[in-house]
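Overview (structure and organization)
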Amino acid sequence: MEEIIALWEKNAAKNQERNFSFIRSLKFKSESKVDRLAREMHEEAFEKIDCLKCGNCCKVSKPLLSKADISRIAKHLNEPPRTIREKYLMQNEDGDWTINASPCPFLGEANECQIYSARPTNCKGFPYTHKSGFASRSYQHAANTIVCPAAYYVVERMKDIFRYR
C-alpha cells in the first residue's frame, strides 16, 4: 500500500492532463466494458488501499450536502439541523451546502470519520470509480486522481489494460 501511495504522491499532479485525455478517449470504447473494468479496478484498488492510512479526501475536499444529509447528521449528533448548518456548514456560490473547513471537522485524528454511519452521500460514493458512466465523468475522475490514491490507481491500471501510451 505504501508503494501505491508513494507513486500517487509523486505522479498524480504531473499525470492529471494525460489522465484526463485517457478518460476522454474511453468514450470511444464500449461503455459496458469500460464500466466493468472500472468496477473491477475499483474493487482491486480498495483491496490494496486502506482509506484510514490516507484520509486525503477528508483533508482537502468539501462535499456538497443534501437536506437529507444534513438531517441525518443532525439526528446522529442529536442536534437540530440549524445547529449543524451554523457549526459545520456554509453555502457555496451556487447556494449549495458544503463543509465549512478543511480538513473536514468530522475527521478524527486517525483519519476516521466521526459521523461515518451518517456521513454525506457524496462521501459514501467517493471516488465514484465504481459508478456507471465512467467515461462520461472525465473531469471528475481526472480531478479525483489528485485527491485519492485509489482513483489514481484505477485510472493507471485502466491505462495499462487499454495500452494507453
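A brief structural summary. (Residues numbered from 1 in each chain as written. Predicted model: local features only at pLDDT ≥ 70, side-chain atom pairs only at ≥ 80, totals over all residues. Heavy atoms only, no water.)

Let us now look at the packing of helix 1 (residues 2-25) against helix 8 (residues 149-161). Following both chains from N to C, one finds helix 1 and helix 8 inclined at 60°, their axes separated by 9 Å at the closest point. Between helix 1 and helix 8, the interaxial angle falls into the category oblique. As helix 1 runs across helix 8, the sense of the crossing is left-handed. Here helix 1 contributes Ile4, Ile5, Leu7, Trp8, Asn11, Ala12, Asn15, Arg18, Asn19, Phe22 and Ile23 to the contact with helix 8, which in turn contributes Pro149, Tyr152, Tyr153, Val155, Glu156, Met158 and Lys159. Looking at the contact of helix 1 with helix 8 residue by residue, the class counts come to 12 nonpolar, three polar and three charged. (Axes fitted to C-alpha atoms, helices over the stretch in contact; angles between N-to-C directions. Helix = DSSP H or I, 4+ residues; strand = E, 2+ residues; numbered from the N terminus. Parallel < 35°, antiparallel > 145°, perpendicular 65-115°, else oblique. Left-handed = near helix turned anticlockwise from the far one by under 90°. Contact = heavy atoms within 4.5 Å. Nonpolar A, V, L, I, M, F, W, Y, C, P; charged D, E, K, R; others polar.)

What follows covers the pattern of salt bridges. Using the criterion set out here, one finds six salt bridges in the structure. Here arginine 157 makes a salt bridge to glutamate 44, at a shortest N to O gap of 2.8 Å. In this pair, arginine 157 sits in helix 8 while glutamate 44 sits in helix 2 (residues 31-48), placing the two residues 113 residues apart along the sequence. Looking at arginine 157, the relative accessible area reads 26%, which means it is partly exposed. Note that arginine 82 is salt-bridged to glutamate 86, the shortest N-O span being 2.9 Å. Pair noted here: arginine 82 and glutamate 86 are both in helix 5 (residues 81-88), with a separation of four residues, about one helical turn. With a relative accessible area of 58%, arginine 82 lands in the exposed category. (Salt bridge = Lys/Arg side-chain N within 4 Å of Asp/Glu carboxyl O. Buried < 20%, exposed > 50% of the residue type's maximum accessible area, 1.4 Å probe, protein only.)

This part covers the sheet that holds strand 2 (residues 89-91). Working definition: the strands of a sheet are paired by backbone hydrogen bonds and lie parallel or antiparallel to each other. What the three strands build is an open sheet, ordered 1-3-2; its pairing is antiparallel. Each edge of the open sheet carries a strand with a single partner, namely strand 1 (64-65) and strand 2. Strand direction decides the pairing type here: strand 2 and strand 3 (residues 97-99), joined by three bridges, are antiparallel. Looking at strand 3, one finds that glutamine 91 is bridged to tryptophan 97. On the sheet, helix 5 packs against strand 2 and strand 3 and is oriented at approximately 80° with respect to strand 2. (Pairing = 2+ DSSP bridges.)

Close contact between helix 4 (residues 67-77) and helix 5 brings their axes to 8 Å; oriented N to C, the two are set at 100°. When the axis of helix 4 is compared with that of helix 5, the two are roughly perpendicular. Of helix 5, the residues touching helix 4 (which contributes Ile70, Ile73, Ala74 and Leu77) are Pro81, Ile84, Arg85 and Tyr88. Its residues placed into classes, the contact of helix 4 with helix 5 shows seven nonpolar, no polar and one charged.

Enumeration over the complete set of coordinates arrives at five aromatic pairs. The interplanar angle of 50° and the centroid separation of 6.3 Å between the aromatic rings of phenylalanine 22 and phenylalanine 162 together place this pair among those described as tilted. Of the two residues, phenylalanine 22 is situated in helix 1 and phenylalanine 162 in the segment after helix 8; the sequence distance between them amounts to 140 residues. The same class applies to phenylalanine 22 and to phenylalanine 162, which are both buried. (Phe/Tyr/Trp six-rings, centres within 6.5 Å; stacked < 30°, edge-to-face > 60°.)

With that settled, consider the environment of tyrosine 116. Looking at where tyrosine 116 falls in the secondary structure, it is placed in the loop between strand 3 and helix 6 (121-125). Note: C-alpha distance between tyrosine 116 and arginine 163 (47 residues apart in sequence) is 38 Å.

On to helix 4. Among the residues of helix 4, Asp69, Ile70, Ile73 and Ala74 are the ones counted as buried. Projected down its long axis, helix 4 carries its buried residues within an arc of 130°, all on one side. Away from the buried face of helix 4 by more than 90 degrees, exposed residues Lys67 and Lys75 are located. Those residues of helix 4 that are buried are in contact with strand 1, helix 5, strand 2, strand 3 and helix 6. Looking one or two residues beyond helix 4, the residue adopting positive phi is asparagine 78, at roughly 55°. (Arc of directions from axis to C-beta.)

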